[in-house]
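# Fold and contact review
Here are the chains, one letter per residue:
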Number of protein chains: 2
Amino acid sequence: MKKFLGAQTVRFSQPPTIKAAASIVGPKEGEGPLWQSFDVISPDVLFGMDSWEKAESEMARQTVALAAQKAGLPMEEIRYILAGDLLNQNSGSTFGMRSFGRPFFGLFGACSAIGEGMSLGAMLIDGGFADYVIANASSHFCGAEKTFRFPLELGTQRPPTASWTVTGDGAVVLAARGEGPYITAVTTGAIVDMGVTDANNMGAAMAPAAADTLITHFKDLHIQPGHYDKIITGDLGKIGQDLLLALMTDAGYDLRDVHEDCGLLIYDRQGQDVHAGGSGCGCSAAVFAGYLLNQLRKKEIKRLLFIPTGALHSVATVQQGETMPAIAHAVAIEA
Amino acid sequence: MKKFLGAQTVRFSQPPTIKAAASIVGPKEGEGPLWQSFDVISPDVLFGMDSWEKAESEMARQTVALAAQKAGLPMEEIRYILAGDLLNQNSGSTFGMRSFGRPFFGLFGACSAIGEGMSLGAMLIDGGFADYVIANASSHFCGAEKTFRFPLELGTQRPPTASWTVTGDGAVVLAARGEGPYITAVTTGAIVDMGVTDANNMGAAMAPAAADTLITHFKDLHIQPGHYDKIITGDLGKIGQDLLLALMTDAGYDLRDVHEDCGLLIYDRQGQDVHAGGSGCGCSAAVFAGYLLNQLRKKEIKRLLFIPTGALHSVATVQQGETMPAIAHAVAIEA
């Protein structure tokens, strides 16, 4: 049975349900406006460990375990774990998931990871390959700064275009049957590279990828932005959001009434000194697993298009003068 | 329709076919015993670029383009590209695939990447989400040494347990219909960590993961090793192979007559001074796309169990004294 249509979209025959989700964040995220929506706010940014990398893995482990528990499922019932993060060789996910003994697919989509995991997870379920799947994504401010920028100890000043990597994790339990909300369609992004070279302006690199996936999604399904109550990108931040709205207006789509961005939701941008906004795999993952899923359950949002966005550079590619490719994966969810 | 059985295995309802494959390798691999099976042996280890990272991406780009061409498909017909590599933030794959404009899933399974990609790709096709998918994996000796070990310029001596990262790429085009060979089943690996800490002995870290996936595969499908003409692991090398055979004997399975390892096939281990054997994402990918697929097509192998293996460490995790988790994904292929 053919379930794909248009250029890049899949519509599910038996839409998988979001059975449960869990979110764990660090102290700074716990001081932001969404604090009430997270399951756990850890006062300890090291999560009891002795390195940033181990802290991220421990946060990921705890979040996935909590998600399975909230779904009422022993870990053995989880057929696949799909997980991604920003650290070199995905060590946040790999070391975080190693104790579970479940079939594991490591993903790399930078900050689009939760979108990639939810898309593939929904396809595995609708394809008949699993009853229960967990998609997970994590990021840690200190680990990301160490990996991509400068050691924290240097106290390097950040330009206003920079975003603040969320210390957080979101895990989503997908199931073949249940009450919903349901994943009804996904549009898988292609890599888009518009030539941005400034690694301190990821919003500018990612906005064209978000626009590309959005326009494809609307065309593939013959719908308009108003089909959705909310269209929520991953971590474009303020600069990326402005660019996205302009690009979409140029393409004939007005998103102004429905668009929000997880990077702008998670922090009080002025009060918390996060410059362009939040970013990182854990940004969209934790905001979805907490705040957005709550809104779907309360039917405050009935139709959501969730589009995690990722900038796909590394330190080596930036140092070699390469441009920054980006990607965005759209997941349509109906209450 | 439920297609999963046992603990970790999927059996396909309409087995996807391997429509075509392409392999491109570097000069050292072209001097090895499998040289005739590769599509292209590049005399230039830089592939015309000015960095190892760019060289790997260019090799990946050329291989995927060649695979689509050999399948007789314009790139627009490829519904998904799934690709993985060893570089930080998967830059080999991301930068290699960015020009194709196709929906992209970045994977991280270290050297198991081609097994992860073929498994997910087959599920996407059998699930009804695509007619054509390309799975790709690449590695580059110089990029891997720079990422994981020492700059080549230092001329650092390597211990006898070390393996030699293959400069190579294998791309596999999967299709919903065709003449075969067919992917009939997959067993997705769980992460196994037996406490090995020596990053120069990846065979020892990976052998328990290969054994775990193999035993699960046999139990899930109620078969014995003799079901297959060949059982071929990814890049265990000599030390890993010896360990795997011992672990399997302990578990009651005798693999000695059917087991080979891509890391031992690709080089003349004595003559080419590669110590324990070949490794890297490109090792199993290029050996499969060339040598093994040829044997399947000629029916010299009728039933193959292909098990790419990966060690999931990073430099940071090794430096922090962490053990080395590993994973292995089994793909059953019948001519």
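Residues numbered from 1 in each chain as written. Chains lettered and ligands numbered in written order. Predicted model: local features only at pLDDT ≥ 70, side-chain atom pairs only at ≥ 80, totals over all residues. Heavy atoms only, no water.

### With respect to the domain arrangement of chain A
Residues and elements named next belong to chain A.
- Along its sequence, chain A is carved into domain 1 (4-175) and domain 2 (182-334).
- The distance between the C-alpha centroids of domain 1 and domain 2 comes to 17 Å.
- Between domain 1 and domain 2, the contact holds 64 residues from the first and 60 residues from the second.
- Interface of domain 1 and domain 2: buried area, both sides summed, is about 4,600 Å²; carbon and sulfur atoms make up 64% of it.
- It is Gln-8, Leu-34 and Cys-111 that lose the most area in domain 1 upon contact with domain 2, and together they represent 14% of the buried surface on that side. (Domains from an automatic or database assignment. Contact = heavy atoms within 4.5 Å. Buried area = accessible area lost by both parts, 1.4 Å probe.)

### Some words on the interface of chain B and chain A
- Contact residues are listed per partner, giving 64 residues for chain B and 64 residues for chain A.
- In total, chain B and chain A occlude about 5,200 Å² of area from one another, counting both sides; carbon and sulfur atoms represent 61% of this.
- Run the count over chain B and chain A and you get four salt bridges.
- For the salt bridge of Arg-98 of chain A with Asp-193 of chain B, the shortest nitrogen-to-oxygen distance reads 2.6 Å.
- The interface formed by chain B and chain A includes 34 residue pairs in polar contact (both at pLDDT 80 or more).
- Considering each element in turn, the side of chain B that touches chain A owes the most residues, six residues, to helix H4 (residues 113-126) of chain B. (Salt bridge = Lys/Arg side-chain N within 4 Å of Asp/Glu carboxyl O. Polar contact = N/O pair within 3.5 Å; in protein donor to acceptor, adjacent residues only side chain to side chain. Helix = DSSP H or I, 4+ residues; strand = E, 2+ residues; numbered from the N terminus.)

### Digging into the nonpolar core
- Of all hydrophobic cores here, the largest spans 168 residues; its most connected members are Met-118 of chain A together with Met-118 of chain B.
- Contact partners of Met-118 of chain B, with chain neighbours within four places excluded, come to Ile-18, Ala-135, Val-172, Leu-174, Ile-183, Phe-288, Phe-306, Val-331 and Ile-333 of chain B.
- Formed by 34 residues, the second largest nonpolar core is a distinct cluster that contains Val-196, Leu-214, Leu-236 and Ala-326 of chain B. (Core = buried A, V, L, I, M, F, W, Y, C linked by side-chain atoms within 4.5 Å. Buried < 20%, exposed > 50% of the residue type's maximum accessible area, 1.4 Å probe, protein only.)

### Structural notes on the state of the cysteines
Residue and element names in this part refer to chain A.
- Per the stated rule, a full pass over the model turns up zero disulfides over all chains.
- With no disulfide of its own, Cys-142 lies 15 Å from the sulfur of Cys-281, the closest cysteine sulfur.
- Classification of Cys-142 by relative accessible area gives buried; the value is 7%. (Disulfide = S-S within 2.5 Å.)

### Considerations on the side chain of Asn-136 of chain B
All names here are of chain B.
- Looking at the element boundaries, Asn-136 is found in strand S7 (residues 132-139).
- Asn-136 sits in the buried class, given a relative accessible area of 0%.
- Here Asp-169 takes part through its side chain, which lies 3.1 Å from a polar atom of the side chain of Asn-136.
- Those residues in contact with Asn-136, other than ones at most four positions away along the chain, are Ala-60, Thr-63, Val-64, Leu-82, Ala-83, Gly-84, Met-97, Ile-114, Asp-169, Gly-170 and Ala-171.

### So, the relation of the copies chain B and chain A
- Turning chain B through 180° and shifting it by 0.0 Å along the axis lays it on chain A, with an RMSD of 0.0 Å. Here the symmetry operator amounts to a two-fold rotation axis.
- The fraction of interface residues of chain B whose copies in chain A are also interface residues reaches 100%, indicating that both copies meet through the same surface. (Least-squares fit on C-alpha atoms with pLDDT ≥ 70 in both.)

### Details of unusual backbone geometry
- Here the residue pair Gly-180 of chain A and Pro-181 of chain A is connected by a cis peptide bond, since its omega of 5° sits within 30 degrees of zero.
- Position of Pro-181 of chain A relative to the elements: it lies in the loop between strand S9 (168-175) and strand S10 (182-187).
- In this model, His-222 of chain A sits at a positive phi of 55°, which is unusual for a non-glycine residue.
- If you trace the backbone, His-222 of chain A turns up in the loop between helix H6 (202-221) and strand S11 (230-233).
- Phi at Gln-89 of chain B is positive, roughly 50°, even though this residue is not glycine.
- Topologically, Gln-89 of chain B is positioned in the loop between strand S5 (80-84) and helix H3 (91-97).

### Quick word on the pattern of salt bridges
- Applying the stated criterion to the full structure yields 28 salt bridges over all chains.
- In this structure, Lys-54 of chain A engages Asp-50 of chain A in a salt bridge whose closest nitrogen and oxygen atoms are separated by 3.4 Å.
- Taking the relative accessible area as the measure of exposure, Lys-54 of chain A reaches 18% and is therefore buried.
- The partner of Glu-145 of chain B in a salt bridge is Arg-158 of chain B, with the nearest N and O atoms 3.0 Å apart. Linking Glu-145 of chain B in helix H5 (residues 141-148) with Arg-158 of chain B in the loop between H5 and strand S8 (164-165), this pair joins segments that are 13 residues apart in sequence. An identical accessibility class is assigned to Glu-145 of chain B and Arg-158 of chain B; each is buried.
- Through salt bridges with shared partners, one network takes in Arg-98 of chain A together with Asp-193 and Glu-322 of chain B.

### Observations concerning the confidence of the model for chain A
- Confidence along chain A averages 97 in pLDDT terms, with 100% of residues attaining 70 or more.
- Overall fold confidence (pTM) sits at 0.98, and the ipTM for the predicted complex is 0.98. (pLDDT = per-residue confidence, 0-100.)

### Quick notes on the packing of H6 of chain A against helix H7 (residues 237-250) of chain A
Residues and elements named next belong to chain A.
- In contact at an axis separation of 8 Å, H6 and H7 are set at 40° when each is read in the N-to-C sense. Helix-helix and strand crossings are classified by hand; for H6 and H7 the assignment is right-handed. Taken together, the residues of H7 that come into contact with H6 (itself represented by Gly-203, Ala-204, Ala-207, Pro-208, Ala-210, Ala-211, Leu-214, Ile-215 and Phe-218) are Gly-240, Leu-243, Leu-244, Leu-247 and Met-248.
- Considered class by class, the residues forming the contact of H6 with H7 number twelve nonpolar, two polar and no charged. (Axes fitted to C-alpha atoms, helices over the stretch in contact; angles between N-to-C directions. Left-handed = near helix turned anticlockwise from the far one by under 90°. Nonpolar A, V, L, I, M, F, W, Y, C, P; charged D, E, K, R; others polar.)

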